[in-house]
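Inside the fold
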Amino acid sequence: MNRLELFKTWAPPQSKWSRWAKPALFAEMNVLQPLPQDAPVPRIDVANDAGTAVIVDLPGAQSVQVGLALAQDGYRPVPLFNSAYQGWAVVSVEGIAQWLARGANMLSGLSLPPEAPPAFLLDSKRKGGEVLPMPGKFDNRWVVFPQDFPSYNYLMANGIRRVLLFHDRSNAQPDCDLAHVLLRWQEAGLELYESRLSIDAPPAPMRVKKPSNFGTLWYRVLAMAGLRRNSAGGFGDVVPEPSSSHG
Amino acid sequence: MSEDEVFALIVSVIASLVCWVIWYRDCLFVARFGNPTSCRTRLSSMPVVCLGLFYLSLRLWASHDVRDSFTYLGFYTVMGMAWVGVFQKLLPWFGLCARDDVVERGNSAAATAIAGALIGLTLCFTGGNMGDGPGWWVVVFSGGLSTVAFFAAWMLVARATGLVDTITIERDSGAGVRTAAFFVAAGLILGRAVAGDWVSAGATMEDFAILAWPVVLLVAIVIPIERKLKPRFHVGGALESPALMPAALYLGLAVTVLVVAGFWK
């Protein structure tokens, strides 16, 4: 399976949600060592509800693993990882890419219907934090925007009435960038729920607080300040070394 | 050409090259893997359309010493391309981004709206070229006046209607067409408002106030229409909003303004 076939396995043209899948990480797949095919895919206990969309905001490969588990319950995992990859990256995405490769066969074997409800996959470590974007590092930190998700109207037209956020945060509020997405849906009338994967408790209703610059025309420009774009799409570029000359 | 004209030409050439090389790099080479390419074609053709508009309008309506001189035709055409190239860079601050929305997300509605914005900016600057004047700074002054008003009009419409979300999140093709029509209509009205023989900066501003007010009328018409047409889900309803009638209304208003205003003096 080449990288385009791999991408189309995760984002088949017939799926209603494929146009939101991000190809950036798939474009780099040829530099990765895939996991052995017998690496176990976890199961999580989620009832298949055609009226619920899921957002998986978990760290690294765990997000893909949960996406694959949701696929076994009838959800269509939609990878939104919008980051390029290099070995010395600020945000490690190697595990994500390996699991995307690992899960392709399983996903194509499931034959999910085009109308399967979506499970949008995010990396909760997308903004970095563990490795500083020092000169010489590959700065592939990234953020999501409301433009990366379907609109409220599109979700409603396709039968989605609720959104469930899987996360690993200590508080129920989503990251600021995701809050811009969820608050639009909340204001429009979708029911929002959150579930911490580490806690064995049913999903709880969620009220998203208004993030800064919500609804401003220039939000995207400000949110992208300091991030580096990649020529293959998405985010990621080498932080240049400072000039050694002093004039 | 005088020294200051040579300086302005050099600055224009550099600005044009930088802006449009980046534009074509984004359109042709960025994020090609897994992304549709149809919308990029529309964006790729826009600089050529703007170039053609500049050249044609200069040949037809510029000062006689410009339209009869290959050198000055080239000078003002390059300056116009630099103008549109620089000001299209401001569009992301006003909610529309060619690279993010069109190149990376394949958003056709955004491609249409941005194409309209480029034509609108072209018309704003073209107006400053029409009529006789003492030099290039007069064109820059007039073009600046209409361009500031152009962005202010869009800011009002965008804030009052949520059109940016309708285009970039809903990806509503109808909204893209209507927005493009709004941009072209605003460009026509504002370009006409700065056209004419140069007398003074004060006289230009006075003429602008007299001739540009229909853009306020345009904004006042666009806002309630766009609010009404904002996509709202209802069972069995279409998510795409109508395009042709409202777009024709916006353009019709601009053409009426041009006809009523007549040729400049």
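Each remark here, short or long, concerns the structure printed above.
Not measured: the values here are computed from a predicted model. (Residues numbered from 1 in each chain as written. Chains lettered and ligands numbered in written order. Predicted model: local features only at pLDDT ≥ 70, side-chain atom pairs only at ≥ 80, totals over all residues. Heavy atoms only, no water.)

Brief notes about the pairing of strand β5 (residues 162-167) of chain A
Residue and element names in this part refer to chain A.
- Within β5, five of the six residues are buried, which leaves it mostly tucked inside the rest of the structure.
- Relative to β5, strand β1 (residues 52-58) runs parallel, the two being bridged by six bridges. Across the sheet, valine 54 pairs through a bridge with leucine 164, a residue of β5.
- Both β5 and strand β6 (residues 191-196) contribute to a ladder of six bridges, which runs parallel. (Buried < 20%, exposed > 50% of the residue type's maximum accessible area, 1.4 Å probe, protein only. Helix = DSSP H or I, 4+ residues; strand = E, 2+ residues; numbered from the N terminus. Pairing = 2+ DSSP bridges.)

Topic: a nonpolar patch on the surface
All names here are of chain B.
- On the surface, Met1, Val6, Ile10, Ile14 and Val18 cluster together into a nonpolar patch covering about 420 Å² of accessible area.
- Along the chain, valine 18 turns up in helix α1 (residues 3-29).
- When its relative accessible area of 45% is taken as the criterion, valine 18 is described as partly exposed. (Patch = residues over 30% accessible without salt bridge, like charges linked within 9 Å, V, L, I, M, F, W, Y side chains within 5 Å. Areas by Shrake-Rupley, 256 points an atom, 1.4 Å probe, with all protein chains shown as cover. Salt bridge = Lys/Arg side-chain N within 4 Å of Asp/Glu carboxyl O.)

A closer look at the sheet that holds strand β7 (residues 204-205) of chain A
All names here are of chain A.
- Taken in spatial order, the six strands make up an open sheet running β2-β3-β1-β5-β6-β7, and their pairing is mixed. On the outer flanks of this sheet lie β2 (76-79) and β7, each paired with one strand and no other.
- Pairing of β1 with strand β3 (residues 118-123) involves five bridges; the strand directions are parallel. Of the residues in β3, the one forming a bridge with leucine 58 is aspartate 123.

Structural notes on the environment of glutamate 194 of chain A
Residue and element names in this part refer to chain A.
- Considering the arrangement of structural elements, one finds glutamate 194 in strand β6.
- Residues glutamate 194 and histidine 167, 27 residues apart in the sequence, show an inter-C-alpha distance of 7.4 Å.
- Discounting residues that sit within four places of it in the chain, glutamate 194 has contacts with Leu164, Leu165, His167, Ala172, Pro203, Ala204 and Met206.
- Polar side-chain contacts of glutamate 194 include one of 2.6 Å to the side chain of histidine 167. (Contact = heavy atoms within 4.5 Å. Polar contact = N/O pair within 3.5 Å; in protein donor to acceptor, adjacent residues only side chain to side chain.)

Focus: the side chain of arginine 178 of chain B
- Take arginine 178 of chain B: it is sitting in helix α9 (residues 173-193).
- Those residues in contact with arginine 178 of chain B that sit more than four places away from it in its chain are Glu226, Leu229, Ser241, Pro242, Ala243, Pro246, Ala247 and Tyr250 of chain B.

Details of the interface of chain A and chain B
- Residue-level contacts link 36 residues of chain A with 30 residues of chain B.
- Contact between chain A and chain B buries roughly 2,700 Å² in total, counting both sides, with carbon and sulfur atoms accounting for 56%.
- Put simply, chain A and chain B have five salt bridges between them.
- One salt bridge connects arginine 229 of chain A with glutamate 104 of chain B, and the closest N-O pair in it is separated by 3.4 Å.
- For the side of chain A that touches chain B, the secondary-structure elements that each account for two or more residues are α1 (3-10), α4 (152-157) and α6 (219-224) of chain A.
- Partitioned by chemical class, the residues of the side of chain A that touches chain B number 18 nonpolar, ten polar and eight charged. (Buried area = accessible area lost by both parts, 1.4 Å probe. Nonpolar A, V, L, I, M, F, W, Y, C, P; charged D, E, K, R; others polar.)

Observations regarding the pairing of β1 of chain A
- Counting buried residues along β1 of chain A, seven of its seven residues qualify, which places the element largely inside the surrounding structure.
- Here β1 of chain A shows no split at all, with Thr52, Val54, Val56 and Leu58 of chain A on one side and Ala53, Ile55 and Asp57 of chain A on the other all buried.

Remarks on the pattern of salt bridges
- Enumeration according to the criterion identifies 18 salt bridges over all chains in this entry.
- With a closest N to O distance of 2.5 Å, arginine 229 of chain A and aspartate 100 of chain B form a salt bridge. Here aspartate 100 of chain B lies in helix α5 (residues 98-104) and arginine 229 of chain A lies in the loop between α6 and β8 (237-238), a pairing that spans two chains.
- Classification of aspartate 100 of chain B as buried rests on a relative accessible area of 5%.
- When the shortest N-O distance is used, the salt bridge between arginine 99 of chain B and glutamate 104 of chain B registers 3.3 Å.
- Assessed through its relative accessible area of 10%, glutamate 104 of chain B is described here as buried.
- Here the residues in one salt-bridge network are Asp57, Arg126, Lys127, Arg169, Asp175 and Asp177 of chain A, joined through shared partners.

Section: the packing of α1 of chain A against helix α3 (residues 94-110) of chain A
Residues and elements named next belong to chain A.
- Interhelical geometry of α1 versus α3 gives an angle of 60° and a closest axis separation of 9 Å. The pairing of α1 with α3 is recorded here as oblique in orientation. Handedness of the crossing formed by α1 with α3: left-handed. Contacts between α1 and α3 pair Leu6, Thr9 and Trp10 from the former with Trp99, Leu100, Ala101, Gly103, Ala104, Leu107 and Ser108 from the latter.
- Classifying every residue of the contact of α1 with α3 gives seven nonpolar, three polar and no charged. (Axes fitted to C-alpha atoms, helices over the stretch in contact; angles between N-to-C directions. Parallel < 35°, antiparallel > 145°, perpendicular 65-115°, else oblique. Left-handed = near helix turned anticlockwise from the far one by under 90°.)

Comments concerning the nonpolar core
Residues and elements named next belong to chain A.
- Ranked by internal contacts, the top residues of the largest apolar core, which has 72 residues, are Trp10, Ile55, Leu100, Phe149, Leu178, Leu182 and Trp185.
- It is α3 that contributes the most residues to this core, seven residues altogether.
- When sequence neighbours within four positions are dropped, the list of residues in contact with tryptophan 185 reads Ile55, Phe149, Pro150, Ser151, Tyr152, Leu155, Val163 and Leu190. (Core = buried A, V, L, I, M, F, W, Y, C linked by side-chain atoms within 4.5 Å.)

Regarding a positive patch on the surface
- On the surface, a cluster of positive charge is made up of Arg227, Lys228, Lys230 and Arg232 of chain B.
- By the element assignment, lysine 230 of chain B lies in the loop between α11 (214-229) and α12 (244-261). (Lys, Arg positive; Asp, Glu negative; His and termini not counted. Charge placed at Lys NZ, Arg CZ, Asp CG, Glu CD.)

Observations concerning unusual backbone geometry
Residues and elements named next belong to chain A.
- Positioned with a positive phi, serine 111 is a non-glycine residue whose angle comes to about 50°.
- Considering the arrangement of structural elements, one finds serine 111 in the loop between α3 and β3.
- On the basis of relative accessible area, serine 111 is assigned to the exposed category, the value being 59%.

By themselves, these observations are geometric and do not establish any function.
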